[in-house]
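Letter by letter, the chains look like this.
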Amino acid sequence: MGIVARNVVLELGCGNSQLSEELYKDGITKITCIDLSAVAVENKKKQLLSKGFKDIKVLDADMLDLPFSNESFDAVIEKGTMEVLFVDSGDPWNPRPATVTKVMQMLKGVHRVLKQDGIFISISFGQPHFRRPFFDAPEFTWSLEWNTFGDGFHYFVYILKKGKRSLESEGTREKYETPSICLFQDELESEDYIFRTNIDELNC
Ligand SMILES: C[S@@+](CC[C@H](N)C(=O)[O-])C[C@H]1O[C@@H](n2cnc3c(N)ncnc32)[C@H](O)[C@@H]1O
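Naming follows an unreviewed UniProt entry, where the protein chain appears as Methyltransferase domain-containing protein of Ficus carica. As recorded by UniProt, the Sequence similarities (unreviewed entry) comment attached to the protein chain reads in full: "Belongs to the methyltransferase superfamily."

Colleague: Explain the overall build of the protein chain residue by residue, including any values.
Modeller: The number of helices and strands found in the protein chain is six helices and seven strands. When its helices and strands are written in sequence order, the protein chain yields β-α-β-α-β-β-α-β-α-β-β-α-α. Scored against the burial criterion, the 204 residues of the protein chain give a buried share of 30%. Across the protein chain, every contact between residues at least 6 apart in sequence was considered, and the portion connecting residues at least 24 apart equals 63%.

Colleague: Now, about the pairing of strand β5 (residues 114-124): what can you tell me, with residues and values included?
Modeller: Remark: a regular strand shows side chains that alternate across the two faces of the sheet. Among the 11 residues of β5, eight are classified as buried, and the element is accordingly described as predominantly covered. Both strand β4 (residues 73-79) and β5 contribute to a ladder of six bridges, which runs parallel. Paired with isoleucine 77 across the bridge in β5 is isoleucine 121. Note on the crossover from β4 through helix α3 (residues 97-113) to β5: the handedness is right-handed.

Colleague: Help me get a handle on the site of the ligand, residues and values and all.
Modeller: The environment of the ligand is formed by 19 residues, the closest being Gly13, Gly15, Ser17, Leu36 and Met63. Across the shell around the ligand, the residue classes break down as eight nonpolar, seven polar and four charged.

Colleague: Residue-level account of the environment of valine 103, with values.
Modeller: Looking at where valine 103 falls in the secondary structure, it is placed in helix α3. Remark: the alpha-carbon pair of valine 103 and phenylalanine 135, spanning 32 residues in sequence, is separated by 9.6 Å. When sequence neighbours within four positions are dropped, the list of residues in contact with valine 103 reads Leu85 and Phe134.

Colleague: I'd love a proper account of the sheet that holds β4, names of residues and values included.
Modeller: An order of β3-β2-β1-β4-β5-β7-β6 is seen for the seven strands of this open sheet, with the pairing classed as mixed. Each edge of the sheet is formed by a strand with only one pairing partner; in this case those strands are β3 (57-60) and β6 (143-149). Between one strand axis and the next, the sheet turns through 20° on average, direction left out of account. The sheet contacts of helix α4 (residues 128-135) involve β5, β6 and β7 (155-161), and relative to β7 the element is tilted by about 20°.

Colleague: Hey, could you go over the nonpolar core for me, with residue numbers and the actual values?
Modeller: Buried together is how nonpolar side chains tend to be arranged in soluble globular proteins. Val9, Ala75, Val76, Phe120 and Ile121 are the most contacted members of the largest nonpolar core, which has 41 residues in total. Among the elements of the structure, β1 (8-12), α1 (19-25), β2 (30-35), β4, α3, β5, β6 and β7 are those that each provide at least two residues to this core. Non-local contacts of valine 76, meaning those with residues more than four positions away in its chain, are made with Leu10, Leu12, Val110, Val113, Leu114 and Phe120.

Colleague: Describe the confidence of the model for the protein chain, listing the residues and the values that go with them.
Modeller: When pLDDT drops low, the exact placement of atoms in the prediction is not to be read closely. Per-residue pLDDT for the protein chain averages 88, and the proportion of residues at 70 or more is 81%. In the model, residues 198-204 has pLDDT below 50 throughout and makes 11 contacts with residues more than four positions away in sequence or in other chains.

Colleague: Any chance you could break down the environment of alanine 98 for me, citing the residues and the numbers?
Modeller: Considering the arrangement of structural elements, one finds alanine 98 in helix α3. Separated by 13 residues in sequence, alanine 98 and leucine 85 place their C-alpha atoms 9.4 Å apart.

Cut-offs applied
- Residues numbered from 1 in each chain as written.
- Predicted model: local features only at pLDDT ≥ 70, side-chain atom pairs only at ≥ 80, totals over all residues.
- UniProt positions renumbered as here; feature names shortened; annotations may be inferred.
- Helix = DSSP H or I, 4+ residues; strand = E, 2+ residues; numbered from the N terminus.
- Buried ≥ 20, exposed ≤ 12 C-beta atoms within 10 Å, placed from the backbone.
- Contact = placed C-beta atoms within 7 Å.
- Pairing = 2+ DSSP bridges.
- Right-handed = clockwise from strand over helix to strand, strands pointing away.
- Near = placed C-beta within 6 Å.
- Nonpolar A, V, L, I, M, F, W, Y, C, P; charged D, E, K, R; others polar.
- Axes fitted to C-alpha atoms, helices over the stretch in contact; angles between N-to-C directions.
- Core = buried A, V, L, I, M, F, W, Y, C linked by C-beta atoms within 7 Å.
- pLDDT = per-residue confidence, 0-100.

Structure (structure tokens):
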């Protein structure tokens, strides 16, 4: 996925997700998860301890005000968390100024805490035509690529590589046809969709 074992990783809005556990099982052990909800944080801590994942840190923190130093993570990852900022966005083609402010605040924080060659991975149901104006804002030095998954009901894996922005490549950044999978509602809810995705095929 572009994340390797030695990397220091931040997960935004972990909630009850198994993402950090799956990364850990893949050898990525330096993981910090944050969530705004103290209840979610306590539950996640208990869940991880009960499964023996003692090294994964879980903190009560706001992704709009990240309590970390500049350039402290190799990778930042979020799954379905950015979506919460769009809940009251109004017209998706022309989101409310308050939404724009929050999304940019989040992205600026992510960009700040990423190391110079860090990578931001955003797994989302938000479509590229609604996400690109934010990811592509001129203050960011990251490149943008994404892959589309799912039949009928699509989700997107956005990959942003800090320091790799190239103006020439803009406009042609869906990487290639990705393997198609058929999703059922219970799989969407249980996260099976992401764990059935062969991330290695993303070649990032
Ligand atoms: C839709 S859930 C996704 C949870 C998890 N990433 C998953 O894939 O199941 C959104 C999560 O983001 C958290 N959240 C909402 N606003 C946040 C913020 N400003 N900072 C950090 N976490 C936030 C919520 O508490 C919730 O756990």
